[in-house]
Number of protein chains: 2
Amino acid sequence: MSPNPETVTSQADALAKGSTTSGDLTRTALRRAQERADLNAFVSLDPDVVLDQAKESDARRAAGKALSPIDGIPIAIKDNYLTRDFPTTACSKALPRAATGVDATVVANLRAAGAIIFGKTNMHEWAFGATNTTSSIGPTRNPHNTDHITGGSSGGSAAAVAAGIVGAALGSDTGGSVRIPSGACGAYGFKPTYGRASRHGVLPLSWSLDAPGPIARSLNDIALLLPYFLGVDPNDASTAQAKPFKEQSAPATPRLLNLVGKGLERSEEVDLAVRKALEGGEASVEDAEIPNVQSFFAAWEAILHVEAASYHQKLLADEPAAFTSVTRAHLEAGRQITATEAMHAQKLRGRFIELLLNDLGGWDALVLPTLPVPAPRHGQDRQRFGGRDVTTQDSMTWFCWPGNLAGLPCISLPVDTSTNGLPIGMMLMGRPGSDERLLNIANQFDRDR
Amino acid sequence: MSPNPETVTSQADALAKGSTTSGDLTRTALRRAQERADLNAFVSLDPDVVLDQAKESDARRAAGKALSPIDGIPIAIKDNYLTRDFPTTACSKALPRAATGVDATVVANLRAAGAIIFGKTNMHEWAFGATNTTSSIGPTRNPHNTDHITGGSSGGSAAAVAAGIVGAALGSDTGGSVRIPSGACGAYGFKPTYGRASRHGVLPLSWSLDAPGPIARSLNDIALLLPYFLGVDPNDASTAQAKPFKEQSAPATPRLLNLVGKGLERSEEVDLAVRKALEGGEASVEDAEIPNVQSFFAAWEAILHVEAASYHQKLLADEPAAFTSVTRAHLEAGRQITATEAMHAQKLRGRFIELLLNDLGGWDALVLPTLPVPAPRHGQDRQRFGGRDVTTQDSMTWFCWPGNLAGLPCISLPVDTSTNGLPIGMMLMGRPGSDERLLNIANQFDRDR
């Protein structure tokens, strides 16, 4: 799938054995970033800064004082996470290209473990879109075929991982922004349960939907990185009850519901790939439907628009030209929603959670394709599948918003390749708080198992 | 102040000593209600139902099986609390005059203690107003002078207590609706800390501001009744962390801040009465100001209007004629507020809480008059005081909304009589959760002490 089979786990093994150094890993990553400049995956990358970090890591390890198994491993950071050494612009022209001197909590956790904070990745402007075609530095390109999009908003992170530039990268997910580009680029992407992972220092899109998450090249790497995301952060009130990472076993025969029906259409190729992948596990799988999907989608969209408009209110009033016209239109739409409409959306959200958690019964995981179609071509504005004809933007979030509206942990894993050579991803959603269990359920269906 | 000096405490003593019966107390209350029909304090009152309750109570007591010290004591209920035996109409023409067969949690608690659930009291339509002049059964009248209003929205409860019909009554408070009529009628009124008292079965006005509370004839009675309000109720999620009633001592010399300045004007007579009352205690008292009172008031008003409009949305669409034109205008105004405006109001609320709890320093109680003027005359649309000229509605909530916006426990106690023979009330607000301590601080200033 990529010229570089290296995972964070294999890099950690090589470092532990002394068969490589952080300097080597970092130089290789810098070289590959250069070689795949065509992907437009990075917005900030400073060789001096990262090589200095690698030098310090190698000195620690030589002294027998490695901070953790990931000490010395380069990890790329989406450009909406604050980072001490690099500017944070959310790929918007509105923010200054100057470092703030502050790390987001997850970045600080990784840095404290010795990870190399390896530059900032391209993203959809302000994370307000799922195609990654709107960005201050231009669109990202899919490593499998640069004529195709990566999806977004964490498109640069997924491209960098899928192209083997880095073993892992950070994303954020409000309606699928970790999972969409992971699915489109053939990486593993994880969105934790809402309120288990700190967003402190991650520029918000919609505070009641946002979750940060890792993108990596193996399930094992996801499990290795998740502890740096989960747990109480006094700087993010939503994590007040957050449990830290702790192994959870999965039932030998988990009960899976494959969600289908009106509003959840997909291409035949994608449907078959997911069904084939499901046959590879030991789970019991049944098809199930969600009634009125469209009204719950509208609730998600209203909450997203309102919270984004509230967050950007001042900047929108002071410097409207700081936003591209499409993002500005989204924010203006958010400003038109009335408070009672927003409250109705919140009531629908409550109903949706009840529907998934109670009405659908005692499932262990819900299954959907990550995307209804493989990564679209650049310039292709609409997608046709399963009798639907929708905007490319809507096709990207088609299956992902339910995980945010209900706050569920979700994983996208690559399961197949399309006839045109692009990855096909499958998504599993777990019950709230069962993040670790979801990883073990996903393991059944992992082709790298 | 009233023809009947009886308190719940004195009634409980008499019952315990056997010098009265529940039947006697209930018949007396029914007779007085009849005698003071001019107050228009009751919307539902069924002698058969309450006399049956009294008969059962007397039988229990005769058998030595009294359920609590208040077993057999009549307590009146505001018409927005669901009650098994009486209709609940919120004094709106929209609701059917038929009993629902269900008790609100606080009513159920009192009933379980053997209290006589003594009819339903007149209130401002849907609690959306503080004058009690808008009601399906017409305005309430002040027992001290029927040419004057009671204030509201719990006007019937305060009138019934102040007139000595019952020793205590239930109210609810979104911007002062317990304290305003208590102040105007010369009763004691208590609003608990937000989230300590169950609203289950109380028809909402604004769910993030509403609190239920007792109105009584002595501080001791408030303390006697408060345990029936406080504590976790699985049916009201806001009480998830609620502590039950537990005695809290107050410092011998509590630090009080007397709030004054722009936006908190009051008549000279009221100001002097409060200052005189404060001199009667042992507290240290300083004057303090709140900056930008008007913007915080606007935040309270926006939250109230939006939540009320959301709650009434369906009824407003289906049966607009069910509302009086003034209430309908309020609800229509609530529908026009945008979601980002409502979020801005919530941010101001957060700022206001910080300002009171942190910026103002380590106070034990904040002091305000309950009302800037004594109870206005019926038909008087505006009030002039301290250089201000405001609607009678605004004058009623003038000092009370801060307690709801910040969720603080608050008490109104009578401290003086105006030159025109109407009560003057003083309000004390405590820190969140210090409800019991606030009662002990208030005791310093109680003329009945």
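The rules we used
- Residues numbered from 1 in each chain as written.
- Chains lettered and ligands numbered in written order.
- Predicted model: local features only at pLDDT ≥ 70, side-chain atom pairs only at ≥ 80, totals over all residues.
- Heavy atoms only, no water.
- Helix = DSSP H or I, 4+ residues; strand = E, 2+ residues; numbered from the N terminus.
- Rg over C-alpha atoms; globule rule 2.2 N^0.38 Å.
- Buried < 20%, exposed > 50% of the residue type's maximum accessible area, 1.4 Å probe, protein only.
- Contact = heavy atoms within 4.5 Å.
- Phe/Tyr/Trp six-rings, centres within 6.5 Å; stacked < 30°, edge-to-face > 60°.
- Lys NZ or Arg CZ within 6 Å of the ring centre and 35° of its normal.
- Pairing = 2+ DSSP bridges.
- Axes fitted to C-alpha atoms, helices over the stretch in contact; angles between N-to-C directions.
- Least-squares fit on C-alpha atoms with pLDDT ≥ 70 in both.
- UniProt positions renumbered as here; feature names shortened; annotations may be inferred.
- Buried area = accessible area lost by both parts, 1.4 Å probe.
- Salt bridge = Lys/Arg side-chain N within 4 Å of Asp/Glu carboxyl O.
- Polar contact = N/O pair within 3.5 Å; in protein donor to acceptor, adjacent residues only side chain to side chain.
- Nonpolar A, V, L, I, M, F, W, Y, C, P; charged D, E, K, R; others polar.
- Core = buried A, V, L, I, M, F, W, Y, C linked by side-chain atoms within 4.5 Å.
- Expected span 1.5 Å × (residues − 1).
- Arc of directions from axis to C-beta.

An unreviewed UniProt entry annotates chain A as Amidase originating from Salipiger pallidus.

Draft legend 1. Examining the overall build of chain A more closely. Of the regular secondary structure elements, chain A holds 14 helices and 13 strands. Radius of gyration (C-alpha) of chain A: 20 Å, near the 22 Å computed for a compact globule of 449 residues. Out of the 449 residues in chain A, the part that is buried amounts to 62%. In chain A, 75% of the contacts between residues at least 6 apart in sequence involve partners at least 24 apart.

Draft legend 2. Broad picture of the packing of aromatic side chains. Residues and elements named next belong to chain A. Within the structure shown, the criterion is met by 14 aromatic pairs over all chains. Taken together, a centroid distance of 5.5 Å and an interplanar angle of 40° make the contact between Phe-297 and Trp-300 tilted. In this pair, Phe-297 and Trp-300 are both assigned in helix α9 (residues 293-318), 3 residues apart and thus about one turn of the helix distant. Take Phe-297 and Trp-300: they sit in the same class, and that class is buried. Here the aromatic residues Phe-296, Phe-297, Trp-300, Phe-352 and Trp-401 are joined through ring pairs into a cluster of three or more. We note Arg-431 situated over the ring of Trp-363; from NZ or CZ to the ring centre the distance is 4.2 Å.

Draft legend 3. Representation of the pairing of strand β6 (residues 211-216) of chain B in the model. Residue and element names in this part refer to chain B. By the criterion of burial, β6 is predominantly enclosed, with 6 of the 6 residues buried. Strand direction decides the pairing type here: strand β5 (residues 188-191) and β6, joined by 2 bridges, are antiparallel. When the bridges of β6 are listed, Tyr-188 appears paired with Ala-216.

Draft legend 4. Spatial organisation of the sheet that holds strand β9 (residues 365-369) of chain A. All names here are of chain A. With mixed pairing, 11 strands are arranged side by side in an open sheet as β1-β3-β2-β4-β6-β5-β12-β13-β9-β7-β8. Two strands bound the open sheet, and with one partner strand each, they are β1 (42-44) and β8 (284-289). Between one strand axis and the next, the sheet turns through 30° on average, direction left out of account. The pairing of strand β5 (residues 188-191) with strand β12 (residues 410-417) spans 3 bridges and is classified as antiparallel. Looking at β12, one finds that Gly-189 is bridged to Ser-412. Against the sheet, helix α8 (residues 268-279) contacts β7 (255-260), β8, β9, β12 and β13 (423-429), and its axis sits at roughly 60° relative to β13.

Draft legend 5. The relation of the copies chain B and chain A, seen in detail. Mapping chain B onto chain A calls for a screw motion: a turn of 180° about the axis and a shift of 0.0 Å along it, with 0.0 Å RMSD after fitting. Taken together, the rotation angle and the small translation identify this as a two-fold axis. When you check the interface residues of chain B against chain A, 100% turn up at the interface there too, and the contact is symmetric in its surfaces.

Draft legend 6. Structural view of the UniProt feature "domain: Amidase" (unreviewed entry) in chain A. Summarizing the sequence annotation, UniProt attributes the feature "domain: Amidase" (unreviewed entry) to residues 24-439 of chain A in the numbering used throughout. Secondary structure within residues 24-439 of chain A divides into 35% helix and 17% strand; the distance between the first and last C-alpha atoms comes to 31 Å.

Draft legend 7. Here's a closer look at the interface of chain B and chain A. With 15 residues of chain B in contact, the opposing surface of chain A contributes 15 residues. In total, chain B and chain A occlude about 1200 Å² of area from one another, counting both sides; carbon and sulfur atoms represent 62% of this. Where chain B packs against chain A, one counts 0 salt bridges. Counting across the interface, chain B meets chain A through 4 residue pairs in polar contact (both at pLDDT 80 or more). Elements that contribute at least two residues to the side of chain B that touches chain A include exactly α9 (293-318), α10 (325-336) and α11 (339-359) of chain B. Looking at the side of chain B that touches chain A residue by residue, the classes come out as 7 nonpolar, 5 polar and 3 charged.

Draft legend 8. Summary view of the nonpolar core. With 65 residues, the main nonpolar core has Leu259(A), Leu356(A) and Leu366(A) as its most contacted residues. For this core, the secondary structure elements donating two or more residues are α6 (179-185), β7, α9, α11 (339-359), β9, α13 (401-405) and β13 of chain A together with α11 of chain B. Ranked by residue count, the leading element in this core is α9(A), at 11 residues. If we skip the residues at most four places from it in the chain, Leu356(A) touches Ile290(A), Trp363(A), Leu366(A), Ala406(A) and Leu408(A). Formed by 63 residues, the second largest nonpolar core is a distinct cluster that contains Met123(B), Ala127(B), Leu264(B) and Leu316(B).

Draft legend 9. Quick look at the pattern of salt bridges. Residue and element names in this part refer to chain A. In the structure shown here, the tally under the stated rule is 52 salt bridges over all chains. In this structure, the salt-bridge partner of Arg-111 is Asp-85, at a minimum N-O distance of 3.3 Å. You can see Arg-111 sitting in helix α4 (residues 105-112) and its partner Asp-85 sitting in the loop between β2 (74-78) and α4, a full 26 residues away along the chain. Given the relative accessible area of 14%, Arg-111 is considered buried. Asp-103 is paired through a salt bridge with Arg-111; the nearest N and O atoms lie 2.5 Å apart. Each member of the pair, Asp-103 together with Arg-111, is buried. Within this structure, Arg-84, Asp-85, Asp-103 and Arg-111 form a network of salt bridges that share partners.

Draft legend 10. Quick look at helix α3 (residues 47-62) of chain A. All names here are of chain A. The end-to-end C-alpha separation of α3 is 22 Å, in line with the 22 Å expected for 16 residues at 1.5 Å each. Residues Val-49, Val-50, Gln-53, Ala-54 and Ser-57 constitute the buried set of α3. For α3, the arc enclosing every buried residue in end-on projection is 135°, short of the 170-degree limit, so these residues lie on one face. Residues Asp-48, Lys-55, Glu-56 and Ala-62 are exposed on α3 and point more than 90 degrees away from its buried face. Buried positions along α3 lie against α2 (22-35), α4 and β3 (116-121). Where α3 begins, the capping side chain belongs to Asp-46, and its oxygen is found 3.0 Å from the backbone nitrogen of Asp-48. Positive backbone phi, at 75°, marks Gly-64, one or two positions downstream of α3.

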